[in-house]
Number of protein chains: 2
Amino acid sequence: METISEVRAFGGTQGVYTHASEVCGCDMTFAVYMPPQAKDGPVPVLWYLSGLTCTHENAMTKGGLQEHAAECGLAIVYPDTSPRGDDVANDEAYDLGQGAGFYVNATEGPWAPHFQMESYVTDELRALVLSEFAVLDQHGVTGHSMGGHGALTLALKYPDLFQSVSALSPIANPSASDWGRKQLGAYLGGDETSWQAHDASCLLKKKGWKSDILVDQGASDQFLELLKPESLAGALAETRTPSTFRMQTGYDHSYFFVSTFGRDHVLWHAERLIGGW
Amino acid sequence: METISEVRAFGGTQGVYTHASEVCGCDMTFAVYMPPQAKDGPVPVLWYLSGLTCTHENAMTKGGLQEHAAECGLAIVYPDTSPRGDDVANDEAYDLGQGAGFYVNATEGPWAPHFQMESYVTDELRALVLSEFAVLDQHGVTGHSMGGHGALTLALKYPDLFQSVSALSPIANPSASDWGRKQLGAYLGGDETSWQAHDASCLLKKKGWKSDILVDQGASDQFLELLKPESLAGALAETRTPSTFRMQTGYDHSYFFVSTFGRDHVLWHAERLIGGW
């Protein structure tokens, strides 16, 4: 692991790092915010998964979560959204290939050699963060849009790895959306039954969740037809999952939505990972 | 004035607008955050002046001030840092011409026809904001780097226009710095005495300030030699100006510095413009 930059932020340290990923077969860049409390001992980790077109940087610079993580004593990890590089397959569309990993392990060409974001986040980067930073093996996961999809699906699929999960305007039902069908088909092949293990609404109905879930969605989101919040809201209700699903009047899909409700999400995870918030 | 975008943020509205500026002789873009309190009546205005290379957008997306403005009930105006356009003079250097207006009225060619940022901020844009938004004629001004220079110099030069002033890592003594001598020479000509009306350290010693001043500076700022905080700290002490000058250990010049201390600045202005904070 190599340090690209480290600067002081809210009494802690905002760092950007790179490492050679075996799983993705390329160098991967990620960001970690370490709160001031980490000086006194290891802290729990909140994973923030980003959306289409994003790198590790967008939420790091525009999400404003560090202030709240410093208040609570949580580390935040911001992974990239896909493998990167000239040797890595790509597509001209913004929503397939680089910047659009969808947090799955591709089985199909030309994606399979590099697009292994599910294993990258849940295994390789997790192990790296646990070994290189003063963090506890206690994890929450959240994310925005495609990253909200990632947060929900990875938590539901790997409940032993995550103690808490929330999402901001997630792609909630990708197997029924143009944000999902194209990508899951490309990465996983045409057998749609394999897609359901990567669809939060399907997973919830199939497996349930061990604890509670917080979801925020902007009511003026320009991508409501693609996000399909009604599928997730329905699944949460149908499965009687302890949950808070908030339809936020007037908010769109931007980082202003993320930063507005970011504090609620950070404190919600802190309550579940640390208690007392 | 034309609306480019308006989105909900922290219960208020983050807008971006454009208008034909007579003073600058070009279209100018600016951002305004209106807090939720503006629904109940006009609110005071905090002007945030940005630094070299920035547009209206950088602090709007990375500064995180909206959260605090929504807490206090302040509007925030984010002007651009210079005139823009193919017809507007420019320079290959990042620190002269477009993106580097230095908040002065240029008297020299080729800059004079457009580079009138002093009048633009204190007169034209001020009048536009007062007429188009639900704001009171009560103003604070802050800014970062070149914008900290702008905040201090415009407040000191026009004390009747601003009730409060603060700065984040300002260019504090431009007439003695490579961030200043080149630009003031280009925009105002070679007579260095004319530069002193645009140098916070000189202005403070010459005119003083009617009230108190808050300044934050990162101790690990990579531009300390150019910013010359010691000149301003010395001038504040020498003139016995009621002031708080904080040298913040470990912080650099980035927006993480701005967002970390942004809350203190917004609340500091709110205390002086509204009271009770």
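Predicted, not measured: the structure shown is a model, and the values here were computed from it. (Residues numbered from 1 in each chain as written. Chains lettered and ligands numbered in written order. Predicted model: local features only at pLDDT ≥ 70, side-chain atom pairs only at ≥ 80, totals over all residues. Heavy atoms only, no water.)

(A) The relation of the copies chain B and chain A, seen in detail. Superposition record for chain B on chain A: RMSD 0.0 Å, screw rotation 180°, translation along axis 0.0 Å. Look at the turn and shift together and you get a two-fold axis relating the two. Looking at the rotation axis and the C-alpha trace of chain B, the residue lying nearest is Lys62 of chain B, at 2.5 Å. Both copies present the same face, since 100% of the interface residues in chain B are matched by interface residues at the equivalent positions in chain A. (Least-squares fit on C-alpha atoms with pLDDT ≥ 70 in both. Contact = heavy atoms within 4.5 Å.)

(B) Fine view of the interface of chain B and chain A. If you look at the interface, chain B gives 21 residues, while chain A gives 21 residues. For the chain B and chain A pair, buried surface summed over both sides reaches about 1700 Å², with 61% attributable to carbon and sulfur atoms. For the chain B face of the interface with chain A, the top three residues by lost area are Arg8, Phe10 and Phe256 of chain B, together amounting to 38%. If you look at where chain B meets chain A, you find 0 salt bridges. (Buried area = accessible area lost by both parts, 1.4 Å probe. Salt bridge = Lys/Arg side-chain N within 4 Å of Asp/Glu carboxyl O.)

(C) Examining the sheet that holds strand S3 (residues 26–34) of chain A more closely. Residue and element names in this part refer to chain A. Spatial strand order, S1-S2-S3-S5-S4-S6-S7-S8-S9: 9 strands in an open sheet with mixed pairing. The sheet is open, and its two edges are formed by strand S1 (2–9) and strand S9 (243–248), each paired on a single side. In this sheet, neighbouring strand axes are inclined to one another by 20° on average, regardless of whether the strands run parallel or antiparallel. In this structure, strand S7 (residues 164–168) lies alongside strand S8 (residues 213–218), joined through 4 bridges in parallel fashion. The residue of S8 that forms the bridge with Leu168 is Asp216. Across the sheet, helix H8 (residues 229–238) is in contact with S8 and S9; its angle to S9 comes to roughly 150°. (Pairing = 2+ DSSP bridges. Helix = DSSP H or I, 4+ residues; strand = E, 2+ residues; numbered from the N terminus. Axes fitted to C-alpha atoms, helices over the stretch in contact; angles between N-to-C directions.)

(D) Quick look at the side chain of Ser231 of chain A. Residue and element names in this part refer to chain A. Structurally, the position occupied by Ser231 is in helix H8. For Ser231, the side chain forms a polar contact with the side chain of Asn173, separated by 2.8 Å. If near-sequence neighbours (up to four positions away) are discounted, Ser231 is found in contact with Asn173 and Ser201. (Polar contact = N/O pair within 3.5 Å; in protein donor to acceptor, adjacent residues only side chain to side chain.)

(E) Representation of the layout of surface pockets. As a volume, the largest pocket reaches approximately 780 Å³. Lining the largest pocket are 43 residues, with Thr61 of chain A together with Asn58, Thr61, Lys62 and Tyr255 of chain B positioned closest to its centre. Contributions of two or more residues to the lining of the largest pocket are made by helix H1 (57–62), helix H2 (65–72) and helix H9 (255–273) of chain A together with strand S1 (2–9), strand S2 (12–21), helix H1 (57–62), helix H2 (65–72) and helix H9 (255–273) of chain B. At 5 residues, the largest contribution of residues to the lining of the largest pocket is made by H1 of chain B. Looking at side-chain class alone, the lining of the largest pocket contains 15 nonpolar, 22 polar and 6 charged residues. Roughly 270 Å³ of internal volume is contained in the second largest pocket. If you go around the second largest pocket, you meet 14 residues; those closest to its centre are Leu52, Thr53, His144, Phe223 and His253 of chain A. (1 Å grid on protein atoms, 1.4 Å probe; cavity = no way out; pocket = protein on both sides within 12 Å on 5 of 7 lines; lining within 4 Å. Points joined across faces, edges and corners; volume = space filled by probe spheres on them. Nonpolar A, V, L, I, M, F, W, Y, C, P; charged D, E, K, R; others polar.)

(F) Spatial organisation of the confidence of the model for chain A. Confidence along chain A averages 97 in pLDDT terms, with 100% of residues attaining 70 or more. In the predicted assembly, ipTM is 0.80 and pTM is 0.89. (pLDDT = per-residue confidence, 0-100.)

(G) Broad picture of the pairing of S1 of chain A. Residues and elements named next belong to chain A. Here 7 bridges tie S1 to strand S2 (residues 12–21), and the two strands are oriented antiparallel to one another. Paired with Arg8 across the strands is Thr13, a residue of S2. If you look at the hairpin formed by S1 and S2, you'll find 2 residues sitting between the two strands, and Phe10 has a positive phi there, around 50°.

(H) Region of interest: the pattern of salt bridges. Enumeration over the complete set of coordinates arrives at 18 salt bridges over all chains. Across the salt bridge formed by Asp80 of chain A and Arg84 of chain A, the nearest N and O atoms sit 2.8 Å from each other. You can call Arg84 of chain A partly exposed: its relative accessible area is 25%. With a shortest N-O distance of 2.6 Å, Lys182 of chain B and Asp95 of chain B are connected by a salt bridge. Residue Lys182 of chain B is found in helix H5 (residues 181–188), and its partner Asp95 of chain B is found in the loop between strand S5 (75–79) and helix H3 (117–132); the two are separated by 87 residues along the sequence. When its relative accessible area of 8% is taken as the criterion, Asp95 of chain B is described as buried. (Buried < 20%, exposed > 50% of the residue type's maximum accessible area, 1.4 Å probe, protein only.)

(I) Up close: unusual backbone geometry. Residue and element names in this part refer to chain A. Cis rather than trans, the peptide bond between Gly109 and Pro110 has omega equal to 0°. In the Ramachandran plot, Phe10 falls in the positive-phi region, its phi being about 50° despite a non-glycine side chain. Summarising the element assignment, Phe10 is placed in the loop between S1 and S2. Taking the relative accessible area as the measure of exposure, Phe10 reaches 16% and is therefore buried. Within the chain, Arg240 stands out as a residue other than glycine whose phi angle is a positive 60°. Using a relative accessible area of 68% as the deciding quantity, one classes Arg240 as exposed.

(J) The packing of helix H4 (residues 146–157) of chain B against helix H6 (residues 200–207) of chain B, seen in detail. All names here are of chain B. It is at 9 Å that the axes of H4 and H6 come closest, and there the two elements cross at 25°. Taken together, the axes of H4 and H6 are roughly parallel relative to one another. In terms of crossing hand, the pair formed by H4 and H6 is left-handed. Along its contact with H4, which presents Leu152, Thr153, Leu156 and Lys157, the element H6 presents Ala200, Leu203, Leu204 and Lys207. Of the residues assigned to the contact of H4 with H6, the class counts are 5 nonpolar, 1 polar and 2 charged. (Parallel < 35°, antiparallel > 145°, perpendicular 65-115°, else oblique. Left-handed = near helix turned anticlockwise from the far one by under 90°.)

(K) Expanded view of H9 of chain A. Residue and element names in this part refer to chain A. The sharpest bend along H9 comes to roughly 45°, located at Phe261. Judged by how many residues are buried, H9 sits mostly within the fold: 15 of 19 residues are covered. One side-chain oxygen of the residue at the start of H9 lies 3.1 Å from the amide nitrogen of Phe256, identifying that residue as Ser254. Gly275 lies just past H9 and shows a positive phi near 90°. (Bend = angle between axes of the 7 residues up to and from the residue.)

(L) Expanded view of the sheet that holds S1 of chain B. All names here are of chain B. Strand order in the open sheet formed by 9 strands is S1-S2-S3-S5-S4-S6-S7-S8-S9, and the pairing between neighbours is mixed. The sheet is open, and its two edges are formed by S1 and strand S9 (243–248), each paired on a single side. With strand direction ignored, the average angle separating the axes of adjacent strands in the sheet is 20°. As paired elements, strand S8 (residues 213–218) and S9 share 6 bridges and run parallel to each other. Its bridge partner being in S9, Val215 is matched across the sheet by Phe245. H9 contacts strand S4 (43–49), strand S6 (135–143), strand S7 (164–168), S8 and S9 of the sheet and is inclined by roughly 170° relative to S7.

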